[in-house]
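Listed here are the chains, written in short residue letters.
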Amino acid sequence: MAGIRFDGVTKRFPDGTVAVNELSLEVADGEFMILVGPSGCGKTTALRMVAGLEDVTEGEISIGGQVVNELEPKERDVAMVFQNYALYPHMLVRDNIAFPLKMQNLAKGEIQTRVGEAGKLLGIEELLHRKPRELSGGQRQRVAMGRAIVRNPQVFLMDEPLSNLDAKLRVQMRAELVKLHRRLGVTTLYVTHDQTEAMTLGQRVAVLRLGIVQQVDTPQRLYHRPANTFVASFIGSPPMNFAEGVLAGDTLVLGERRFPLPEEVLRRRNAGDGPVLVGLRPENFHDARIEGNGRPSVPAEVEVTEQLGPETYAYFRVEGLPAAEIGERPVELAGAFAARLDPRSSAAPGRGLELAIDLDRVHLFDRDSGESLLGD
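Since we're looking at a predicted model, the values are computed, not measured.

Enquirer: Help me understand the sheet that holds strand 11 (residues 241-248), please; the structure alone is not making it clear to me.
Expert: Hydrogen bonds between backbone groups are what pair the strands of a sheet, and the pairing can be parallel or antiparallel. Taken in spatial order, the five strands line up as 13-12-11-14-20 in an open sheet, and their pairing is antiparallel. Of all the strands in the sheet, the pair left with one neighbour each is strand 13 (257-260) and strand 20 (363-365). Geometrically, the sheet is characterised by an average inter-axis angle of 40 degrees between neighbouring strands, direction not taken into account. Bridge analysis of strand 14 (residues 274-280) against strand 20 gives three bridges, and the strand direction is antiparallel. In the strand pairing of strand 20, Val278 is matched with Leu364.

Enquirer: Can you walk me through helix 3 (residues 108-122) in this structure?
Expert: Count 3.6 residues to each turn of an α-helix, and residues three or four apart come out pointing the same way. In this model, helix 3 (15 residues) spans 21 Å end to end at C-alpha, consistent with the 21 Å of a helix rising 1.5 Å per residue. Those residues of helix 3 not exposed but buried are Ile111, Arg114, Val115, Ala118, Gly119 and Leu122. What you see down the axis of helix 3 is that its buried residues fit within an arc of 135 degrees, all on one side. Across helix 3 from its buried face, at more than 90 degrees, point the exposed residues Gln112, Glu117 and Lys120. On its buried side, helix 3 packs onto helix 2 (93-103), helix 4 (137-149) and helix 5 (167-184). Gly123 occupies a position one or two residues after helix 3 and carries a positive phi of about 70 degrees.

Enquirer: How do you make sense of the nonpolar core when you look at a structure like this?
Expert: One broad trend across soluble globular proteins is that nonpolar side chains are buried collectively. Ranked by size, the top nonpolar core spans 44 residues in total, and within it Ile34, Ile97, Tyr190 and Val207 carry the most contacts. Here the element with the most residues in this core is helix 4; it accounts for five residues. With residues near it in sequence (within four places) discarded, Ile34 still touches Tyr190, Thr192, Ala198, Leu201, Gly202, Arg204, Val205 and Ala206. Within the second largest apolar cluster, 31 residues are counted, among which are Ala314, Phe316, Phe337 and Leu353.

Procedures and definitions
- Residues numbered from 1 in each chain as written.
- Predicted model: local features only at pLDDT ≥ 70, side-chain atom pairs only at ≥ 80, totals over all residues.
- Heavy atoms only, no water.
- Pairing = 2+ DSSP bridges.
- Helix = DSSP H or I, 4+ residues; strand = E, 2+ residues; numbered from the N terminus.
- Axes fitted to C-alpha atoms, helices over the stretch in contact; angles between N-to-C directions.
- Expected span 1.5 Å × (residues − 1).
- Buried < 20%, exposed > 50% of the residue type's maximum accessible area, 1.4 Å probe, protein only.
- Arc of directions from axis to C-beta.
- Contact = heavy atoms within 4.5 Å.
- Core = buried A, V, L, I, M, F, W, Y, C linked by side-chain atoms within 4.5 Å.

Rendered as structure tokens:
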């Protein structure tokens, strides 16, 4: 096993496009690290540079303390799992798994032992005699994992390996990957655009935008302590709500309403008075009728509700206080806020509702830079 280090790594393509920009990041020995971000943010390019499938324009990549910029892919002792499985259709499952070992000219007995161990670990022993076309998507992904596992590499590199699976299988495979990493303890660098995967799989997560790392932290800290509005809007579903506000002493002004800031927020605040962007997660809103608890409230007009059993999502508007357009939201809901409410709520389209606001977990951002104005 070995850690991975990016030291000022840049990837510039011949047309001048900068896919990765001065990336500095350390993945500890045995860590499960996620690279997450929207399409085109550079996460797959970063992974391919570790694998040796893309050249590094500037900077250094090290694996286990050894700079690997000039090493061929086969010399790096890494195993990659691709989005499309990359199985050989004419080979049996056992031969697909054994293929990299045969390329290493290992003894037949050693190959059989490793293939058997991988099959048992992944629960695919009964599939070893089949061909890929006879397998489901989840089974094919297990075979692709098996082919990586048998190599006993220093590092696993995974490029959106679950994106071709249906929703139910993705949930199942996420759990399997967590258990597999716990058992093998191999350093893993995993790329995804799915923030749910990032939050459930990663011990730490690196959020990328336009080739630049925005924040590296544990999933919980990314959610509760986002470094800027991009991270705040990207992590979380529905995304964080934003509104234009003003700090005035120990008071937050939103539209024509004034709210006293809690002591915890005042303690963490590291900005003076003036305009700010205010961020509130959907769960920071509550139906005042059933969960008011003395919190300040605003009258709202509900436009859309989504009943999800254990919770209700409500999209609403507040007169004189439009939501700021940061992050993704359907065009027809521009200017609306999202709330995650108790299913007992009476929220319904076209109905007025008093919504209590939990300001203990409010986020404050600089209006120009988007950087957080709250310290630890």
